[in-house]
Amino acid sequence: MNNHSWLSAFAPTKRVGAWPHRAHAAAIAERITMPEGHETGGRLPTTIDTTTPHEARFYDYWLGGVDNYPADRRLGDEIAAHIPGIRSMAQANRAFLGRTVRYAITDLGITQFLDIGTGLPTARNTHQVAQEVNPAARIVYVDKDPLVLAHARALMKSTPEGRTAFIHADLREPESILRDPELTRTLDMDRPIGIMLISVLMYFRDSDGIRDIVARFLDAVPPGSSLAISHATADFNIRGAQRAAEAAERSGITMITRNRTETEKFFAGTHLLAPGITTLEDWHPELAEVPLFDVEPHTGPAWAWCGMGRKP
């Protein structure tokens, strides 16, 4: 699956828990193994192509990680040239993820999360935030990248009271996620679940049926479940966002920006919670943690809309 962000991809910060040297990225690629009983049916990649950029890896590059290659760094640099204030935008997106998790637990009573489009592990992942608030919280991560799979097995640890699992699957095939035994072993599908789609929908065109895919996940969870989304937009800088998207497209990566109204449509079938569709910084700022990174100042909001809906 894709990664937690066009926005969080653009943060040249030191990644917590990063491997000590870049050679490890190649080494880990050579020893990827699937979980016992795991089958991809030939649909998902199980080897890493280092010659073409990948969303999860140029994300890792901008977080200051080492699990990336020259192709990822070239594209990351080209895109970042069009994005002002990229580090603070990244912080805003990561902080939004944390606030939605805390809000879901403390205000909605949700202690289970399905995080789709995990990306390479970095600071303050969903399970880290959730299990600090409630050690019994359970989280299932989903991503299609085999490098993410390798890291997920090693890095995504759970508290003894809770559980954290990983599914190697593609958002384009929701049934492969919903029918995976790991999902039902980890989450109780009869209790509310927080669906996390943090800066991942931008990698899909409307023609991919992405709205129907989001609706399918909402159909699969019970009333009281939540849906959290952040989505890149060109509303704050049309020219810069367009040039960044064009750079990604030239490298074979879809990057679709959507306006506020288009983002709100993904919440169809839910009750949109206050404050509605807003900027990353303005979604329940009272739940903010101490900033994770030192960030460069920028003016104006991060280039993304976000919100949370609850299934009635």
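Keep in mind the model is a prediction, meaning the values are calculated, not measured.

Side note on the overall build of the protein chain
Check the secondary structure of the protein chain and you find eleven helices and eight strands. Each of the 312 residues in the protein chain was classed as buried or not, and the buried ones make up 58%. Considering only contacts within the protein chain whose residues lie at least 6 apart along the sequence, 81% involve residues at least 24 apart. When the accessible area of the protein chain is evaluated, it comes to approximately 12400 Å², of which 50% is carbon and sulfur surface.

A closer look at the packing of helix α3 (residues 70–80) against helix α10 (residues 238–250)
Relative to each other, α3 and α10 sit at 160°, their axes nearing to 8 Å. Relative to α10, the element α3 lies roughly antiparallel. Between α3 and α10 lies a crossing of right-handed hand. For the pair α3 and α10, contact is made by Leu 75, Glu 78 and Ile 79 and by Ala 244, Ala 247, Ala 248 and Arg 250, respectively. When grouped by side-chain class, the residues that make up the contact of α3 with α10 number five nonpolar, no polar and two charged.

Details of the packing of aromatic side chains
Under the criterion given, the structure shown has three aromatic pairs. Seen in terms of ring centroids, Phe 96 and Trp 283 are 5.5 Å apart; in terms of plane orientation they differ by 85°. Their pairing is edge-to-face. In this pair, Phe 96 sits in helix α4 (residues 86–108) while Trp 283 sits in the loop between β7 (278–279) and β8 (304–310), placing the two residues 187 residues apart along the sequence. Neither residue differs from the other here; Phe 96 and Trp 283 are each classed as buried. Considering the side-chain rings of Tyr 103 and Trp 283, the 5.4 Å spacing of their centres and the 70° angle between planes classify their relative orientation as edge-to-face. Placement of Tyr 103 in helix α4 and of Trp 283 in the loop between β7 and β8 is noted, with a sequence separation of 180 residues between them. The class for Tyr 103 is buried, based on a relative accessible area of 12%. Given the relative accessible area of 0%, Trp 283 is considered buried. Members of the aromatic cluster, connected to one another through ring pairs, are Phe 96, Tyr 103 and Trp 283.

Cut-offs used in this document
- Residues numbered from 1 in each chain as written.
- Predicted model: local features only at pLDDT ≥ 70, side-chain atom pairs only at ≥ 80, totals over all residues.
- Heavy atoms only, no water.
- Helix = DSSP H or I, 4+ residues; strand = E, 2+ residues; numbered from the N terminus.
- Buried < 20%, exposed > 50% of the residue type's maximum accessible area, 1.4 Å probe, protein only.
- Contact = heavy atoms within 4.5 Å.
- Areas by Shrake-Rupley, 256 points an atom, 1.4 Å probe, with all protein chains shown as cover.
- Axes fitted to C-alpha atoms, helices over the stretch in contact; angles between N-to-C directions.
- Parallel < 35°, antiparallel > 145°, perpendicular 65-115°, else oblique.
- Left-handed = near helix turned anticlockwise from the far one by under 90°.
- Nonpolar A, V, L, I, M, F, W, Y, C, P; charged D, E, K, R; others polar.
- Phe/Tyr/Trp six-rings, centres within 6.5 Å; stacked < 30°, edge-to-face > 60°.

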